Amino acid sequence: CFSRISADMKYQYQFHDIQLSLFRFTMKRLFSTSHSSVDSKEMKKFQLLAHKWWDEEGEYSALHSMNDIRVPFIRDTLLNMSSNYHLGNPLSGVKILDVGCGGGLLSEPLGRLGASVTGIDPLEDNIRTADQHKSFDPVLAKRIQYKSSSLEEIVEECMETFDVIVASEVVEHVADLEMFIRCCSQVLKPEGSLFITTINKTQLSYVLGIVVAEKIIGIVPEGTHEWEKFVPPEELKHLLESNGFSVKTVNGMLYNPLSGSWSWMESTSINYAMHAVKSGAQGQPSPTDALSEMESEQPLATAGTTM
């Protein structure tokens with residue numbers, strides 16, 4: 001009789017443990033789903049184009065040509081914050097996180113400048129494309145690592161790890177912008193730099209960015225953008241300052257579909273680039289000191305309007 005009672009109690013405990021485990025698993029899934037900056041609808045859009053990242057004449061041609069201004073903007077801003085750098089590898093020693101890296105269009109040129117780059121993207125297809133492309137260059141294969149992950153998923157393991165974060169053409173696609181900025185602050189070192197390029201929320205940006213670009217001339221796949229998710233620079237600046245950043249530069253960007261090229265302009269009514277610096281602990285050295293200690297007398301021309 002006692003052995004039967006003991007066996008029944010054992011099964012009851014085991015059943016209770018299973019129920020508890022299932023409850024914890026369910027709650028974890030619910031929490032992670034409801035507290036994510038990743039928009040599942042946005043992921044579906046980009047999954048269809050994951051294999052086309054490196055087609056310079058295809059859907060991402062405008063992003064390819066954007067490198068002509070965004071890469072020098074990042075490079076020159078960082079170098080102007082430091083008196084020492086290495087000729088040939090000016091960003092040597094700098095740890096960069098490329099958030100929403102896609103197929104690696106921005107990660108690769110930053111890696112060629114000597115930086116140690118970690119590219120993250122929630123779409124595994126994008127990461128496979130990026131990994132495959134970097135494998136053709138042994139130097140880049142050593143300097144760049146890619147990971148299929150959202151930003152918030154790496155926060156715990158990467159607290160104050162990176163000298164620089166780049167989020168280019170990303171914030172207009174996230175589900176929770178405030179969480180995204182907060183996570184950027186958490187993984188960035190004190191006095192580290194955050195670079196963002198995105199689209200302003202104006203009538204002009206709707207006409208040119210959606211009606212013209214997507215529906216008329218088709219330089220961007222239709223449905224890529226939602227005007228409601230565009231971010232005014234004033235709103236982005238407020239979010240950054242609320243999370244411990246100081247905005248240093250805001251500069252307007254203009255794309256010419258006829259020439260397929262980008263240029264800087266004073267107006268931020270369409271596209272714009274922003275550079276912000278995270279506040280640092282007193283007496284803590286700036287991450288730009290990580291740049292290799294070799295001086296150069298080359299003049300640097302940084303695009304942007306200092307605030």
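The rules we used
- Residues numbered from 1 in each chain as written.
- Predicted model: local features only at pLDDT ≥ 70, side-chain atom pairs only at ≥ 80, totals over all residues.
- Heavy atoms only, no water.
- Helix = DSSP H or I, 4+ residues; strand = E, 2+ residues; numbered from the N terminus.
- Buried < 20%, exposed > 50% of the residue type's maximum accessible area, 1.4 Å probe, protein only.
- Polar contact = N/O pair within 3.5 Å; in protein donor to acceptor, adjacent residues only side chain to side chain.
- Patch = residues over 30% accessible without salt bridge, like charges linked within 9 Å, V, L, I, M, F, W, Y side chains within 5 Å.
- Areas by Shrake-Rupley, 256 points an atom, 1.4 Å probe, with all protein chains shown as cover.
- Salt bridge = Lys/Arg side-chain N within 4 Å of Asp/Glu carboxyl O.
- Pairing = 2+ DSSP bridges.
- Disulfide = S-S within 2.5 Å.
- Phe/Tyr/Trp six-rings, centres within 6.5 Å; stacked < 30°, edge-to-face > 60°.

S.K.: Is there a simple way to think about the side chain of T77 in this case?
M.R.: Here T77 lies in helix α3 (residues 61–80). Relative accessible area serves as the criterion here: at 8%, T77 is assigned to the buried category. Looking at T77, its side chain comes within polar contact range of the main-chain oxygen of F73, at 2.6 Å.

S.K.: Teacher, can you tell me more about a nonpolar patch on the surface here?
M.R.: A cluster of nonpolar residues, L204, Y206, V207 and L208, forms a patch on the protein surface that exposes about 320 Å² of accessible area. Along the chain, V207 falls in helix α8 (residues 203–216). Under the relative-accessibility criterion, V207 is labelled partly exposed at 40%.

S.K.: Whenever I open this one, the pairing of strand β6 (residues 245–256) confuses me. Can you help?
M.R.: For a regular strand, side chains alternate in direction, first toward one face of the sheet and then toward the other. As defined by bridge partners, β6 adjoins strand β8 (residues 271–278) across eight bridges and the pair is classed as antiparallel. Bridging from a neighbouring strand, V247 pairs with A276 of β8. Across five bridges, β6 lies against strand β7 (residues 261–265) in antiparallel orientation. Its bridge partner being in β7, N256 is matched across the sheet by S261.

S.K.: Explanation requested: unusual backbone geometry in the structure shown.
M.R.: Excluding glycine, residues mostly carry a negative phi; peptide bonds, for their part, are mostly trans. Even without a glycine there, the phi angle at E160 is positive, about 50°. With respect to the secondary-structure elements, E160 resides in the loop between β3 (144–148) and β4 (162–168). Unlike most non-glycine residues, E169 shows phi in positive territory, near 55°. Among the structural elements, E169 can be located in the loop between β4 and α7 (177–187). For E169, a relative accessible area of 15% translates into the label buried.

S.K.: How should I be thinking about the pattern of salt bridges in this particular structure?
M.R.: Side chains that differ in sign of charge can pair as their charged atoms come close. This structure, assessed with the given rule, holds ten salt bridges. Between R128 and E124 there is a salt bridge, with its nearest N and O atoms 3.8 Å apart. Taken together, the positions of R128 and E124, both in helix α5 (residues 124–134) and four residues apart, correspond to about one turn of that helix. E124 matches R128 in its accessibility class, with the two residues each being exposed. Put simply, D125 and R128 hold a salt bridge, and the shortest N to O gap is 2.2 Å. Placement of both D125 and R128 in helix α5 is noted, with a separation of three residues, approximately one turn of the helix. Here the salt bridges share partners, and the residues they tie into one network are E124, D125 and R128.

S.K.: Which parts of the structure should I look at to understand the state of the cysteines?
M.R.: Covalent bonding between the sulfur atoms of two cysteines is what defines a disulfide. In total, this model carries zero disulfides according to the counting rule given. C184 takes part in no disulfide bond, and the closest cysteine sulfur to it belongs to C183, at a distance of 7.3 Å. The exposure class assigned to C184 is buried, which follows from its relative accessible area of 0%.

S.K.: Please explain the packing of aromatic side chains as it appears in this structure.
M.R.: For any pair of aromatic rings, geometry is given as the distance between the ring centres together with the angle between the planes. For the structure on display, the rule yields five aromatic pairs. Ring centres of F73 and W264 lie 5.3 Å apart, and the angle between their planes is 55°; this geometry places the pair in the tilted category. Taken together, the positions of F73 in helix α3 and W264 in strand β7 put the pair 191 residues apart, joining distant regions of the chain. A relative accessible area of 26% places W264 in the partly exposed class.

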